[in-house]
Amino acid sequence: MPTKKTLRCFVVMGFGIKTDFSTGRQLDLNKTYKVLIKPVVENKGFICIRADEIKHSGSIDVMMYEELLGADIVIADLSTLNPNAIYELGVRHALRPKSTIVIAEDKLPYPFDLNHILISKYAHLGHAIDYEEVERFRQLLGDTIDQVVKTKKTDSPVYTYLKELMPPIVKKNQQAERFTHS
């Protein structure tokens, strides 16, 4: 009997309270995840997972790369210009031409290589997020998820400029093992 495929969203972002070195502000990124991102993603029918929620022993790298390749959508929060989040966004853009959403708090200075990518902004108060902003951004993120799923438009700059590039394919025996770690 066929089963409905479970949709997955992998969230790329820092964890905990991080300092935005360009502004000196401290942001509670766990609040961003728990209040702005995860409820919207789950409401859209996706399993929402962040790297710190993956149960594992040893290195997380293999599981992170599996998520970056296999997740139906990836949401990358670049707030505080976390180098790991930027790296993981680059890996996702190299692996998949579509279904990547980039977000950041509204005081993020755009790095040059990202200034042509649509980044959905939200207002972060540091240790809290205003209720009206929560409502506004949840609507924006939900609408963005709907649009990304519906249009399947290329959003990776790698695949935009290298039009003949083909995404990698996981061999059949590896596909059976994918996502058994969640």
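About the cut-offs
Residues numbered from 1 in each chain as written. Predicted model: local features only at pLDDT ≥ 70, side-chain atom pairs only at ≥ 80, totals over all residues. Heavy atoms only, no water. Pairing = 2+ DSSP bridges. Helix = DSSP H or I, 4+ residues; strand = E, 2+ residues; numbered from the N terminus. Axes fitted to C-alpha atoms, helices over the stretch in contact; angles between N-to-C directions. Contact = heavy atoms within 4.5 Å. Core = buried A, V, L, I, M, F, W, Y, C linked by side-chain atoms within 4.5 Å. Buried < 20%, exposed > 50% of the residue type's maximum accessible area, 1.4 Å probe, protein only. pLDDT = per-residue confidence, 0-100. Salt bridge = Lys/Arg side-chain N within 4 Å of Asp/Glu carboxyl O. Parallel < 35°, antiparallel > 145°, perpendicular 65-115°, else oblique. Left-handed = near helix turned anticlockwise from the far one by under 90°. Nonpolar A, V, L, I, M, F, W, Y, C, P; charged D, E, K, R; others polar. Phe/Tyr/Trp six-rings, centres within 6.5 Å; stacked < 30°, edge-to-face > 60°. Lys NZ or Arg CZ within 6 Å of the ring centre and 35° of its normal.

Undergrad: Hey, could you run me through the sheet that holds strand β5 (residues 73–77) in this one?
TA: Paired through their backbone hydrogen bonds, the strands of a sheet run either parallel or antiparallel. Within the open sheet, the five strands sit side by side as β4-β1-β5-β6-β7. Their pairing is parallel. The strands lining the two open edges of the sheet, one partner per strand, are β4 (46–50) and β7 (119–122). The mean angle between the axes of side-by-side strands here comes to 25°, regardless of whether they run parallel or antiparallel. Where strand β6 (residues 100–105) and β7 come together, four bridges link them in parallel fashion. Residue pairing across strands places A104 opposite K121, the latter belonging to β7. Taken strand by strand, helix α1 (residues 29–43) contacts β1 (7–12), β4, β5, β6 and β7, and its axis lies near 160° from that of β4. Against the sheet, helix α4 (residues 131–151) engages β4, β5, β6 and β7, with an angle of about 165° to β7.

Undergrad: Teacher, can you tell me more about the nonpolar core here?
TA: Across soluble globular proteins, nonpolar side chains have a tendency to be buried as a group. Grouped together as the largest cluster of nonpolar side chains are 24 residues, with contacts concentrated most on F10, V12, L68, L78, L89 and V102. At the level of secondary structure, the elements contributing two or more residues to this core comprise β1, α2 (61–70), β5, α3 (83–95) and β6. Contacts of V102, omitting those with residues within four sequence positions, involve A76, L78, L89, I117, L118, I119 and S120. M13, I73, I75 and V148 belong to the second largest nonpolar core, which has 23 residues in total.

Undergrad: Please clarify how unusual backbone geometry should be interpreted in this entry.
TA: Keep in mind that most residues, glycine aside, have a negative phi and that most peptide bonds are trans. Look at S99: it is not a glycine, yet its phi comes out positive at around 75°. For S99, the location among the structural elements is in the loop between α3 and β6. Its identity as a non-glycine residue notwithstanding, K152 has a phi of 50°, on the positive side. Counting through the fold element by element, K152 comes out in the loop between α4 and α5 (157–161).

Undergrad: Where do I start with the confidence of the model for the chain in this structure?
TA: Note that predicted coordinates carrying low pLDDT should not be read in detail. Averaged over the chain, the pLDDT score is 89; the fraction of residues at 70 or greater is 90%. The spread of mean pLDDT over the elements of the chain runs between helix α6 (residues 172–177), the lowest at 54, and β5, the highest at 98.

Undergrad: Looking at this structure, how should I read the pattern of salt bridges?
TA: When the charged atoms of two side chains lie near each other, side chains of opposite charge can form a pair. Enumeration over the complete set of coordinates arrives at eight salt bridges. The residue K44 makes a salt bridge to D146 at a minimum N-O spacing of 2.9 Å. In this pair, K44 sits in the loop between α1 and β4 while D146 sits in helix α4, placing the two residues 102 residues apart along the sequence. Here K44 falls in the partly exposed class, since its relative accessible area comes to 30%. Between R136 and E133 there is a salt bridge, with the nearest N and O atoms lying 2.7 Å from each other. Pair noted here: R136 and E133 are both in helix α4, with a separation of three residues, about one helical turn. A relative accessible area of 38% means that R136 is categorised as partly exposed. Overall, E133 belongs to the buried group, its relative accessible area being 11%.

Undergrad: Would you mind showing me how to read the packing of α2 against α3 here?
TA: Angle between the axes and distance between the axes are the two parameters that describe a pair of packed helices. Direction vectors running N to C along α2 and α3 enclose 50°, while the axes themselves pass 9 Å from each other. In terms of orientation, α2 and α3 fall into the oblique class. As α2 runs across α3, the sense of the crossing is right-handed. For the pair formed by α2 and α3, the contact residues are M64, Y65, E67, L68 and L69 on the first element and Y87, E88, V91, R92 and L95 on the second. Looking at the contact of α2 with α3 residue by residue, the class counts come to seven nonpolar, no polar and three charged.

Undergrad: Got a minute to help me understand the packing of aromatic side chains in this structure?
TA: Given two aromatic rings, their pairing is described by the distance between the two centres and the angle made by the two planes. Scanning the entire structure with this criterion turns up one aromatic pair. Lying over the aromatic face of Y33, R50 brings its terminal NZ or CZ to 4.4 Å of the ring centre.

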